[in-house]
Amino acid sequence: MMQEILDKTTWMEWLGVFFSIFQVLLARKNNSNTYIFGIAAISLSLYVMFTSKLYAEFTLNLYYLGMSIYGWIFWKFGKQKNETPISFTNLSEKLKASGIVISAFVLFYLFLTHYTDSDVPIWDSIVTAFAWAGMWLMAKRKIENWVFLNISNIISIPLMIHKDLYLYAVLTAFLFLVAISGFLNWRNIIKQNNHA
């Protein structure tokens, strides 16, 4: 079984997972270099997701690429040419994030069912919808990004296994744990900043 898993895992998956691990660990530590590793991981994941017929995940990675570039600039410079602080979402941002989830799900589901040969349109769409909202919140440095990303992660693990992407399933389980830790770490940063 283990040999079969290793045989099905490409070097692009290994390298993509390697860069992804560093990316999420840097995000947890509130390090803007998270985006440099993210861009490398995303570039490799684009090919893997497309060849696995995970078209919404492929599109998600294109979105991640754009948001990574935007996020790096926003984290580094923000509105005041200073690093933007971590904060909680306000009502408007919560509504926008929910709107992203609903809109992305509907759009991806319609696209996948009408224009692709996807065999998992609902699953692929819901994972992608929550991840889109989570990445938008991360780029805005909102702590709730970890919650949205973890909803995506918990649904994505069985999807990756279903698609024989075992290394990505392990990565996603790892990302789930890091997101819990990231949420707690960011919450501590907010508390420290409020007491400073």
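Everything quoted here is computed from the prediction, not taken from an experiment.

Caption draft 1: Looking closely at the environment of N150. Inspection of the secondary structure assignment puts N150 in helix α7 (residues 145–162). A residue is classified by how much of its surface remains accessible, and N150, at 10% relative accessible area, is buried. Excluding its chain neighbours within four sequence positions, the residues that come into contact with N150 are L175, F176, A179 and I180. A distance of 3.0 Å separates the side chain of N150 from the side chain of N153, its partner in a polar contact.

Caption draft 2: Representation of the packing of aromatic side chains in the model. Applying the stated criterion across every chain, the model contains twelve aromatic pairs. Put simply, the rings of F18, F19, F22 and F37 pair up and form one aromatic cluster.

Caption draft 3: Layout of the packing of helix α6 (residues 121–139) against α7. Where α6 contacts α7, the axes come no closer than 8 Å and their chain directions differ by 150 degrees. Classified by the angle between their axes, α6 and α7 sit roughly antiparallel to one another. Of the two elements, α6 crosses α7, and the hand of that crossing is left-handed. On α7, the residues that touch W123, D124, I126, V127, F130, A131, A133, G134, M135, L137 and M138 of α6 are N145, W146, F148, L149, I151, S152, I155, S156, P158, L159 and H162. Broken down by class, the residue content of the contact of α6 with α7 amounts to 16 nonpolar, five polar and one charged.

Caption draft 4: Representation of the packing of helix α2 (residues 11–28) against helix α3 (residues 34–51) in the model. It is the contact of α2 with α3, at a shortest axis distance of 8 Å, that shows an interaxial angle of 150 degrees. If you check the angle between α2 and α3, you find them roughly antiparallel. The way α2 lies across α3 gives a crossing that is left-handed. Judged by residue contacts, W11, M12, E13, L15, G16, F19, S20, F22, Q23, V24, L26 and A27 of α2 engage T34, F37, G38, A40, A41, L44, Y47 and V48 from α3. Split by residue class, the contact of α2 with α3 holds 14 nonpolar, five polar and one charged.

Rules used throughout
- Residues numbered from 1 in each chain as written.
- Predicted model: local features only at pLDDT ≥ 70, side-chain atom pairs only at ≥ 80, totals over all residues.
- Heavy atoms only, no water.
- Helix = DSSP H or I, 4+ residues; strand = E, 2+ residues; numbered from the N terminus.
- Buried < 20%, exposed > 50% of the residue type's maximum accessible area, 1.4 Å probe, protein only.
- Contact = heavy atoms within 4.5 Å.
- Polar contact = N/O pair within 3.5 Å; in protein donor to acceptor, adjacent residues only side chain to side chain.
- Phe/Tyr/Trp six-rings, centres within 6.5 Å; stacked < 30°, edge-to-face > 60°.
- Axes fitted to C-alpha atoms, helices over the stretch in contact; angles between N-to-C directions.
- Parallel < 35°, antiparallel > 145°, perpendicular 65-115°, else oblique.
- Left-handed = near helix turned anticlockwise from the far one by under 90°.
- Nonpolar A, V, L, I, M, F, W, Y, C, P; charged D, E, K, R; others polar.

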